[in-house]
Each structure stands twice: as structure tokens, then as C-alpha cells.
Amino acid sequence: MSSLLFLSACSPGSPAVEDDTTASADTAGDAEVIRAEPREVASIAPRVVISHEEGLVTLDAESGETLDTVEEPGFFRLNNAGDGQHVMVTAGNEFRVYNAGVQAQPHGDHFHYYESDPGLTGATFDADYAGHVVLHNGRTTLFADGTGEITTFTSADLAYGEPRVDQTGADDPHHGVAIELTDGTLLTTQGTEESRSTVQHVEVADDGSTEVLAETTDCPGVHGEAAAGADESAEPSDVVVFGCENGPVVFRDGDFHKVDVEPEYQRSGNLAGSEESPIVLGDWKVDPDAEQERPTEVALINSLEDSVETVDLGSSYWFRSLARGDAGEALVLTYNGQLNVIDEQTGEVIERIDAIESWEEKEDWQQPGPILKAADGKAYITDAENQQLVIIDLDSAEVEQRIDLDVTPVEMAVVTGSAEAPKHEESASEDHDHDHGGEDEEHDHDH
């Protein structure tokens, strides 16, 4: 079926969709934002949003039913928005908000579940060369490469339309990234279009100006970030790993710590973290002259000890091949079509699951290739060549479903109804003056 959410005041070129008579409207800025009315249900199934060269399609992950289609040619990147319900659709010079239509609302010792019709909401965030979307502690951070502008908002406020935002910016435009910490301070890269090697910890004033609290300039080619979890003996805290071209750098306890690596050149530009582990999974590239390096080793970066261990999988992978399981286990989809499950503490490959046919990364990163995502104990893998979605149960290490697709997937987001990067308990009572703008009530690419 075609999308049920009508964009009554969207930006030029926004996908055209049909009207939903049960939707309600909020006016935020110059755009009218359509909010589909939720209906309570006994249970919800995850929903999978897929982009392809002709638009978007949303599936029920259990039945395989197509729930929504958006028709608009183009290249769209997809990122979970943080609240477990919405997806950020990166489209050139803006981030669009897509409602996947599932919500799991905690209520004491249980949850209430809600469904609504999926579709684009009409809410947009202007961003010159829209880049990274980062989730952490109940907040969503957007980075605009063309201006260096940084936009943050409370993830859950997307349910009310266009949320109130806080804005600041890097000193110069560059392909950068930022992440807001639990105390409202910010980690951000600094650089130019020609080079970047600096990461700063800054305090942001009400007017958007910043004061540098700490910085490192020893991160050439900085790209990619991932928040890590604390170990069992430590209190949860903000620990973030950044990829560099001379070994990663770790932000911990208010300062930056360099991870020593043996190769003079070592790049981990794509990182996957987990709240359940202090270990961050990353790619491992060591050839500075390679136009398209195809490594077989992955990095396990210990964010508490500032050390790294490599695991050789015997087969290569690409930037959409990395994910984390519910218990923190490292997941890597390799060229031989296998899903490798790695115990991130020991580096042992504990499962090799035959998932799809053998494949190889194409020369153009925007061309379709396999995508790996993980949520609620399952791995979701797209098989672009055969137009399939493969769902693997990580507990049984078996393929649970193979869903045929009518499109060739380019990007994917899996939405379960539960927040992907919820607010830490110790900061739950602190609002840092972040209010929502409506009613009261956490990849990264390598190219």
C-alpha cells in the first residue's frame, strides 16, 4: 500500500503520499507535521524500513507484509532516530523524519504496546550536506558537513512533531560527528574539508557558543564514533571511542586517551558500541595506499584499558557489516556469506552462521550490498543480489525467516518500539532544560 501520511507542507522534492483521516496535525515552524493516531494492541512486531533506488518500503518483520511504500527516486540513508519509533531519512540537504508506527511504552513492571500507520511525518531538519546521526542517553545529535552545524534534541520528542532543538557548530565545515553526553556537554570533531585531526569536549552556552574543556589533536582522519558501556564493577559513564588513522582515541573521565597500535597507519573508521560492554567493535585497515582495502581482521577496542585486540575472520567485510547483539557480542557479516558471532571479551568466534550467498563489496559504496542490523535477539541481513531479508535468531544460531523483497535494498533500519539509546537512570531526573516542542508528556560510512 502507499504511504498513509500526507505531507501537507514539506520541502520541495519530498515524497508524495496519501492522506490519513485519523492523523492529527501540529504546526511546527513553517511545516505542518502529521502525527498518526496510535492504537493500543496486545503485542507489536519489529518493523524494517528499507531504502532503494525508487524510494522506501516498510515491512512487518514477522509476517513479511508490506506496510508502507514511499515513491521517490534517489539515494536515501537511514538511521534509527533513538526513540524506537522513528527513523531519520538523510536526503541531501535535510534529515526527514519517518514514523515506523510501533511504540512500547513502559508502565511500572510491564509495557503498553501501540501501532500506527507508518509514513513520513513532514518534520524535517535542514542540514547542508546532512551527515551523521548519533544516539546517546535519550538524545539525538545531527551533524551538517556543509556548515559544521550541530543539532541536538530529545529523541522521544519526535512523537509530538518537530522537537525543540539546541544548536551549536564546529569551527569549520567538514565531514564530522558530534555526540551529546549525559551532563549536556558535547564531544565534537574539528577540521576542514581538507583535513581533520581534532576532537574536543566542549560546554555549550545557551547562545550556542562553546568553551573547550579538553581536546586531542592526535586523531588524523577522525571518522566514526561509538559509545561504550561500563564493566560490571563500574558505574555507567560517558565513554566514547573515535576512529583515527593512527589508532583509536578514547574519551573517558573527562579526558582523551590514545590507543597504542603497532602499524604506523591504522584506521578504524567504522565502529559499533554496546551499552552492555566496554569493548567497541571496529574495522581494521592498515594500508594507507589502498583505494579499497579488504581487511579480514576486525578490532576489539577496550575503552577502559586503552588497548586493542584483533580477530582474523578469514574473510573480508565492509562498513555495513558490523553490529552488536543484546549481550554485547560482536557481529560481523563476511564476504563468504557467514554471520560471525564473536565473544567480545575473549575474541573467540563462537558461531559462524550461513546467512546469504558469497558476496563482495562493490567499488562504489552507494551501490547495493548486504546490510547487517541487530535488535531484540535477532540479526537482520539484507541480501541485495537476491532481493531477500534474512532474519537470524541469535540464541539458536539459526535462520528464522527469508523474506522475498520486491526491491533491491540500499539501506535498512530496524525499529522495535523501544528506545535504541535510552536515558541513563542516574540522569533521568535531569532535564538540562531540554523540553519538547509539542504536547506535554545512537554508522557510519566509509567513503
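Quick caveat: nothing in here was measured; it's all calculated off a predicted structure.

## Concerning the nonpolar core
One finds Val-280, Leu-281, Val-298, Leu-300, Ile-301, Val-332 and Ile-342 to be the most contacted residues of the largest nonpolar core, which totals 23 residues. Among the elements of the structure, strand S21 (225–228), strand S22 (239–242), strand S25 (271–274), strand S26 (277–283), strand S27 (297–302) and strand S30 (330–333) are those that each provide at least two residues to this core. Looking at this core element by element, the count peaks at four residues for S27. If we skip the residues at most four places from it in the chain, Val-298 touches Leu-281, Gly-282, Trp-284, Glu-309, Thr-310, Val-311, Leu-313, Tyr-317, Val-332 and Ile-342.

## Section: the environment of Val-407
Considering the arrangement of structural elements, one finds Val-407 in the loop between strand S36 (398–404) and strand S37 (411–415). C-alpha separation for the pair Val-407 and Ile-50, spaced 357 residues apart in sequence, amounts to 8.9 Å. Dropping the residues within four chain positions of it, Val-407 is found in contact with Ile-50, His-52, Val-57 and Gln-387.

## Quick look at a negative patch on the surface
The grouping of Glu-275, Glu-276, Asp-326, Asp-376 and Asp-395 at the surface amounts to a negative patch. When you line up the elements, Glu-275 lands in the loop between S25 and S26.

## Some words on the sheet that holds S30
Read across the open sheet, the four strands follow the order S29-S30-S31-S32; overall the sheet is antiparallel. Two strands lie at the open edges of the sheet, namely strand S29 (322–324) and strand S32 (349–354), each paired on one side alone. Across the sheet, the mean angle from the axis of one strand to that of its neighbour is 20°, orientation sign disregarded. Across five bridges, the pairing between strand S31 (residues 338–342) and S32 is antiparallel. Within S32, the residue paired with Leu-339 across the bridge is Ile-353.

Quick notes on the rules
Residues numbered from 1 in each chain as written. Predicted model: local features only at pLDDT ≥ 70, side-chain atom pairs only at ≥ 80, totals over all residues. Heavy atoms only, no water. Core = buried A, V, L, I, M, F, W, Y, C linked by side-chain atoms within 4.5 Å. Buried < 20%, exposed > 50% of the residue type's maximum accessible area, 1.4 Å probe, protein only. Helix = DSSP H or I, 4+ residues; strand = E, 2+ residues; numbered from the N terminus. Contact = heavy atoms within 4.5 Å. Patch = residues over 30% accessible without salt bridge, like charges linked within 9 Å, V, L, I, M, F, W, Y side chains within 5 Å. Areas by Shrake-Rupley, 256 points an atom, 1.4 Å probe, with all protein chains shown as cover. Salt bridge = Lys/Arg side-chain N within 4 Å of Asp/Glu carboxyl O. Lys, Arg positive; Asp, Glu negative; His and termini not counted. Charge placed at Lys NZ, Arg CZ, Asp CG, Glu CD. Pairing = 2+ DSSP bridges. Axes fitted to C-alpha atoms, helices over the stretch in contact; angles between N-to-C directions.

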